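The lines below spell out each chain.
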Amino acid sequence: MADQTHVLFVEDDDVIREATQLALERDGFAVTAMPDGLSGLESFRANRPDIALLDVMVPGLDGVSLCRRIRDESTVPVIMLSARADSIDVVLGLEAGADDYVTKPFDGAVLVARIRAVLRRFGHAGGSAPGSGSGSAADPNGGTLTFGELEIDTEGMEVRRAGRPVALTPTEMRLLLEFSAAPGTVLSRDKLLERVWDYGWGGDTRVVDVHVQRLRQKIGQDRIETVRGFGYKLRA
């Protein structure tokens, strides 16, 4: 298991849980599958997986609450599984700290692609800033960008607001790096889905909206401006 990506999969439906576990294992993942939220939390704390797949509707501790508990302890990537694309549960899961979601029923290949996309994003979170070489602002401070009271260390992957550290998940950091690479430039939701979430196809823009909302809460509500009908931009 040490050489494999370890997936925690929490799903109460026996058929879906067993079939999905087999499919993921065939693709080279090591999978720990749990039938409810409480056992899922225990497994997370005991095994510290590389990624968590959480069904929204599981007994004991629902998926959204489990996501919050995981996010309180870790920045490990989380993908929520929801039975309805238009469900409020999708937004609740994202607000709880999930990085992405997949709608059930899902194709195994699609799920694997989304898992790999999230893992690539997290694996590269400490690398070069997204958008580098595409018109990013001049950086005379050795890797530190400053926007008012906001300071972004693009080399150390650290953020400070008014001198105080700001804790961001890797997804939030990549989103902020996209904005900071082109301050004042409007970035569409589709462009952010492509660059941050690695979507090579159309995706649900609620993922972007909720993450922007979470980012605003941490760096300041006025720092990211909504440009109606177009997208978002970072105020320089």
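From a predicted model like this one, the values you see are computed outputs, not experimental measurements.

Rules of the game
- Residues numbered from 1 in each chain as written.
- Predicted model: local features only at pLDDT ≥ 70, side-chain atom pairs only at ≥ 80, totals over all residues.
- Heavy atoms only, no water.
- Helix = DSSP H or I, 4+ residues; strand = E, 2+ residues; numbered from the N terminus.
- Buried < 20%, exposed > 50% of the residue type's maximum accessible area, 1.4 Å probe, protein only.
- Contact = heavy atoms within 4.5 Å.
- Axes fitted to C-alpha atoms, helices over the stretch in contact; angles between N-to-C directions.
- Left-handed = near helix turned anticlockwise from the far one by under 90°.
- Nonpolar A, V, L, I, M, F, W, Y, C, P; charged D, E, K, R; others polar.
- Core = buried A, V, L, I, M, F, W, Y, C linked by side-chain atoms within 4.5 Å.
- Pairing = 2+ DSSP bridges.

S.K.: I'd like to hear about the overall build of the chain, residue by residue, with values.
M.R.: For the chain, the count of helices and strands is 8 helices and 11 strands. Going through the 236 residues of the chain one by one, you find that 47% of them count as buried. Put simply, 61% of the contacts in the chain that link residues at least 6 apart link residues at least 24 apart.

S.K.: Kindly report on the packing of helix α4 (residues 88-95) against helix α8 (residues 206-219), identifying the contributing residues and their values.
M.R.: Where α4 meets α8, the axes come as close as 9 Å, and the angle between the chain directions of the two elements is 40 degrees. Relative to α8, α4 is oriented so that their crossing is right-handed. Residues Val90, Val91, Leu94 and Glu95 of α4 touch α8, and the partners they reach there are Arg206, Val207, Val210, His211, Gln213 and Arg214. Each residue belonging to the contact of α4 with α8 can be placed in one class, and the counts come to 5 nonpolar, 2 polar and 3 charged.

S.K.: Give me the nonpolar core: which residues, what numbers.
M.R.: Ranked by size, the top nonpolar core spans 50 residues in total, and within it Leu54, Met80 and Phe179 carry the most contacts. The element best represented in this core is α8, accounting for 6 residues. Excluding its chain neighbours within four sequence positions, the residues that come into contact with Met80 are Leu54, Val56, Gly63, Val64, Cys67, Gly93, Ala98, Asp100, Tyr101 and Val102. With 15 residues, the next largest nonpolar core counts Phe29, Leu81, Leu111 and Val118 among its residues.

S.K.: Quick one: what's the story with the sheet that holds strand β9 (residues 164-166), residue by residue and with numbers?
M.R.: Across the sheet, which stays open at both edges, the 4 strands sit in the order β6-β7-β8-β9 with antiparallel pairing between neighbours. What marks the edges here is a single partner per strand, and that holds for β6 (144-147) and β9. Put simply, the sheet's adjacent strands are angled 25 degrees from each other on average, direction ignored. As defined by bridge partners, β6 adjoins strand β7 (residues 150-153) across 4 bridges and the pair is classed as antiparallel. By the bridge assignment for β7, Phe147 is matched with Leu150. Strand contacts of helix α6 (residues 170-181): β6, β7 and β8 (158-161), with the helix running at about 105 degrees to β7, the strand carrying the most contacts.

S.K.: Please give an account of unusual backbone geometry that cites residues and values.
M.R.: A cis amide bond links Lys104 with the next residue in sequence, Pro105, at an omega value of -5 degrees. Locating Pro105 in the fold gives a position in the loop between β5 (100-103) and α5 (108-123). Positive phi values are uncommon outside glycine, yet Arg48 reaches one of about 45 degrees. Not every positive phi belongs to a glycine, and Met157 is a case in point at roughly 55 degrees. Mapped onto the elements, Met157 comes out in the loop between β7 and β8.

S.K.: Any details on the sheet that holds strand β4 (residues 78-82)? Residues and values, ideally.
M.R.: Pairing between sheet strands relies on hydrogen bonds along the backbone, with the strands arranged either parallel or antiparallel. Pairing in this open sheet of 5 strands is parallel, and the strands run β2-β1-β3-β4-β5 from one edge to the other. Every interior strand has two partners, whereas the edge strands, β2 (30-34) and β5, have only one. Each strand of the sheet is rotated relative to its neighbour by a mean of 20 degrees, with strand direction disregarded. Here 4 bridges tie β4 to β5, and the two strands are oriented parallel to one another. By the bridge assignment, Met80 is partnered in β5 with Tyr101. Across the face of the sheet, helix α2 (residues 37-47) comes into contact with β1 (6-10) and β2 while running at roughly 165 degrees to β1.

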